Amino acid sequence: VGTLCGADDVAESRIEYAPSKRLAYLANQDINESSGLAFSRRADSILWTHNDSGDSPRVFAFDLRGAHRGTYTIPGATAIDWEDMASFVLDGQPCLLLADVGDNHTRRSTCTLYLIKEPDVARKPPGPSSPAKLLQTVHFRYEDSAHDCESIAFDRSSRTVLLLTKTLADRCQVFALAWP
């Protein structure tokens, strides 16, 4: 059961969801703490994920049945605490945006976003990892202090990254970062 409540709503309304249904087991055993998830902009049946903290800078492709479709490393990137990812077409190019933004103890002075060209899994059979093309690296800091970001989105029309923080204290916040 989900709750939907707008800013001006006084009463809460209930939405009934269907029971969840397992679609697949991920065949690639290297995916042990999947954190981000995004649909491919190149192929309808491909999804992308990456592991949370403690892994190398890489992304994994799999199909809707969970079959491994490729592992791609990101040369020049580091993986401190990758939390989420987004897929979109930017300037005619299918891209993945990888968010190294996790900060459970809110101590990081900067966070990093990596924009990569979405690999074309149809051109490469699954096997050893291949490099992905890193298009841009963006280091940023929050205007007030460190935050633990868990989720991102990209608004193509305004070329803005939206960062959603989590907290156990005050309130979660949404930050906007104009794409350079």
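What you see is a predicted model, and the numbers here were worked out from it, not measured in a lab.

Undergrad: Could you give an account of the packing of aromatic side chains, naming the residues involved and the relevant values?
TA: Aromatic ring pairs: the centre-centre distance and the angle between the two ring planes describe each pair. One pass over the structure, following the stated rule, counts six aromatic pairs. Aromatic side chains Tyr-142 and Phe-175 sit 4.8 Å apart centroid to centroid with 65° between the ring planes, which places their arrangement in the edge-to-face category. Here the residue Tyr-142 occupies a position in the loop between strand 11 (134-140) and strand 12 (148-155), and Phe-175 occupies one in strand 14 (residues 174-178), the gap between them amounting to 33 residues. Through successive ring pairs, a cluster of aromatic residues spans Phe-88, Phe-154 and Trp-179.

Undergrad: Explain the sheet that holds strand 6 (residues 68-73) to me, and be specific about the residues and the numbers.
TA: Strand order in the open sheet formed by five strands is 3-4-5-6-10, with mixed pairing between adjacent strands. What marks the edges here is a single partner per strand, and that holds for strand 3 (34-39) and strand 10 (130-131). Relative to strand 5 (residues 58-63), strand 4 (residues 46-51) runs antiparallel, the two being bridged by four bridges. When the bridges of strand 5 are listed, Thr-49 appears paired with Phe-60.

Undergrad: Now, about the pattern of salt bridges: what can you tell me, with residues and values included?
TA: Counted under the stated rule, the structure contains eight salt bridges. Residue Asp-30 pairs with Arg-58 through a salt bridge whose shortest N-O separation is 3.9 Å. With Asp-30 in the loop between strand 2 (13-15) and strand 3 and Arg-58 in strand 5, this pair connects stretches of sequence that are 28 residues apart. With a relative accessible area of 39%, Asp-30 lands in the partly exposed category. In this structure, Asp-148 and Lys-166 form a salt bridge, with 3.8 Å as the shortest nitrogen-oxygen distance. Of this pair, Asp-148 sits in strand 12 while Lys-166 is found in strand 13 (residues 160-166), placing the two residues 18 residues apart along the sequence. Taking the relative accessible area as the measure of exposure, Lys-166 reaches 42% and is therefore partly exposed.

Rules used throughout
Residues numbered from 1 in each chain as written. Predicted model: local features only at pLDDT ≥ 70, side-chain atom pairs only at ≥ 80, totals over all residues. Heavy atoms only, no water. Phe/Tyr/Trp six-rings, centres within 6.5 Å; stacked < 30°, edge-to-face > 60°. Helix = DSSP H or I, 4+ residues; strand = E, 2+ residues; numbered from the N terminus. Pairing = 2+ DSSP bridges. Salt bridge = Lys/Arg side-chain N within 4 Å of Asp/Glu carboxyl O. Buried < 20%, exposed > 50% of the residue type's maximum accessible area, 1.4 Å probe, protein only.

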